[in-house]
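Listed below, chain by chain, are the residues.
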Amino acid sequence: MAKQKKQPRPKAETPKGFRDYFGAEVSERQQMLAKIAEVYHRYGFDPLETSGVETVEALGKFLPDVDRPNEGVFAFEEDGTWLALRYDMTAPLARVAAQFRNDLPSPYRRYTMGPVWRNEKPGPGRFRQFYQCDADTVGSGSVAADAEICAMLSDCLEAVGIERGDYVVRVNNRKVLNGVMEVAGLAGDEKEAERGIVLRAIDKMDRLGESGVRDLLGEGRKDESGDFTKGAGLSAEQIGKIIAFVQARAGDNPTTIGNLKTLTDGSDIGTQGVSELEQIADLLAAQGYGPDRIVIDPSVVRGLGYYTGPVYEAELTFDVQNEKGQTVQFGSVAGGGRYDDLVKRFTGQEVPATGVSIGVDRLLAALRATGKLKGEDAGPVIVTVMDRDRMADYQAMASTLRNAGIRAEVYLGNPKNFGNQLKYADKRRSPVAVIQGSDEAARGVVQLKDLILGAKLAQDATLEEWKSQPAQTEVPLADLVAEVQAMIARHQ
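Residues numbered from 1 in each chain as written. Predicted model: local features only at pLDDT ≥ 70, side-chain atom pairs only at ≥ 80, totals over all residues. Heavy atoms only, no water.

### As for the layout of surface pockets
Just so we agree on the cut-off: Buriedness of a pocket was judged along seven lines, with at least five required to meet protein on both sides within 12 Å; pockets are open sets of points on a 1 Å grid over the protein atoms alone, cavities are sets where a 1.4 Å probe fits but cannot get out, and lining residues have an atom within 4 Å of a point. Grid points are joined across faces, edges and corners, and a volume is the space filled by probe spheres set on the points. Only DSSP runs of H or I with at least four residues qualify as helices, and only runs of E with at least two residues qualify as strands; both kinds are numbered from the N terminus onward. When residue character is reported, Ala, Val, Leu, Ile, Met, Phe, Trp, Tyr, Cys and Pro are called nonpolar, Asp, Glu, Lys and Arg charged, and the others, Gly included, polar.
Taken as a whole, the second largest pocket holds about 770 Å³ of empty space. As for the second largest pocket, its lining consists of 27 residues, and the residues nearest its centre are D377, A378, G379, R429 and I452. For the lining of the second largest pocket, the secondary-structure elements that each account for two or more residues are α1 (23-42), α14 (418-427), α16 (451-460) and α18 (480-490). Top element by residues in the lining of the second largest pocket is α1. It accounts for 4 residues. When grouped by side-chain class, the residues that make up the lining of the second largest pocket number 12 nonpolar, 8 polar and 7 charged.

Structure follows, in structure tokens:
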């Protein structure tokens, strides 16, 4: 009888393009999202959670071919229907707005937070699963809704700690770009493919620069890895008009708008888009959101194809070091725009909508780069175990600390080696260790070891400093909470 082949052990590794999040990363994200949610809520938006899986048909942007959906989504087939992980939060909202249109108020204002998935080539800092934090207004065609989204985005950035002067919200209008394309001879259904390439090319201006965008508008571009991206195949004259549009931003909004009026002369849709930008600028100025926070910038187009009007992007303007050690601006952390045709796909009736999406991981990275977040999470107070038979006493101490709002835990490993308990406390970044042996228990006291102070003294303290600042002290058990609170407060 043939010997059965031994099943190999699975590899303990994260799938390519994905990552795990630990401790402080999760806590800091939760705290940041809570601040953003507070701003959204203050503006009158309600929370909404949608399914992580949608039908490919409902997602709309990607459709299945013979074997599998087009590149860009993680999808699978079930009972003849293609399903996919959501690639953003907007397409699911369009489905919800159509499905529950008789129950929801109009306009419907919602915010949502959660992971999205894109089946794209991963790279440094670019993952296939990432968090988004969105706010949208469905059912209002007024550009006042777009202006409000821009103001709210500005407020969100400042609420999480991005200082005024370190960011700018840039605003444009797809109608203006469509007008420029019309003037450049790119109107009509037969030019849809070229227009899509133009949109994606302009959206890469910050990353690729004018030369790279010109290549994508022309024959195409080969990146550093050797991958070739086919271009739009435009003529030199057409490329010139598109580049002139992208670079139309001036030193102030009125001058920029004047430049756009010239570039769209002869196009009704372009003229309409410029007028909407002018209204948005006036509405924001009336609320005190000047060019120090929000500007009109024609280089903003957004890569997704469903935007139909105003589009916006939040860019952080401070310098950081990239993977190659070069000094660069941090760049975009949020974006959005108007998508009046997305809900129409379900209902057949035009339902205006506009919204913004904040890239949560990007914004967290920015806060760490500015020192607003340390990437470190304070650990719990550790109640050490000196006597296995007195576990109930130790659990009671931990419970007393928790009831006072102090994060605490009892050491649950092998208590035989006390040194290992303190090593565990150090690894957990614990501020205080609580110690009570049989002698302390008989006298009704506990020893409190200030682990943060102890670590500092161990590094560079003199003998006199050791004596004047003892890292370990004995206190009555009745004073446990007050003394631990005082120790923690000293280091905050």
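### A closer look at the pattern of salt bridges
For the record, the criterion: Note on definitions: salt bridges are taken to be side-chain nitrogens of Lys or Arg within 4 Å of carboxyl oxygens of Asp or Glu. Relative accessible area decides the class of each residue, using a 1.4 Å probe on protein chains only: under 20% of the type maximum gives buried, over 50% gives exposed, and in between gives partly exposed.
Using the criterion set out here, one finds 24 salt bridges in the structure. Between K261 and E278 there is a salt bridge; the shortest N-O distance is 3.7 Å. Taken together, the residues span a long stretch of sequence, with K261 in helix α9 (residues 253-263) and E278 in helix α10 (residues 268-286) at a distance of 17 residues. On the basis of relative accessibility, which here comes to 44%, the residue K261 falls in the partly exposed class. Among the residues examined, E278 registers a relative accessible area of 33% and is labelled partly exposed. A salt bridge links E474 to R443, with the shortest nitrogen-to-oxygen separation between them at 2.9 Å. With E474 in strand β18 (residues 472-476) and R443 in helix α15 (residues 438-443), this pair connects stretches of sequence that are 31 residues apart. Using a relative accessible area of 43% as the deciding quantity, one classes R443 as partly exposed.

### Description of the environment of V138
Test applied: Residues are treated as being in contact if the distance between any of their heavy atoms lies within 4.5 Å.
Examined against the element boundaries, V138 turns out to sit in strand β6 (residues 129-138). C-alpha separation for the pair V138 and A353, spaced 215 residues apart in sequence, amounts to 4.2 Å. Among all residues touching V138, those that are not within four sequence positions of it are L93, A97, P107, Y108, Y339, V343, V351, P352 and A353.

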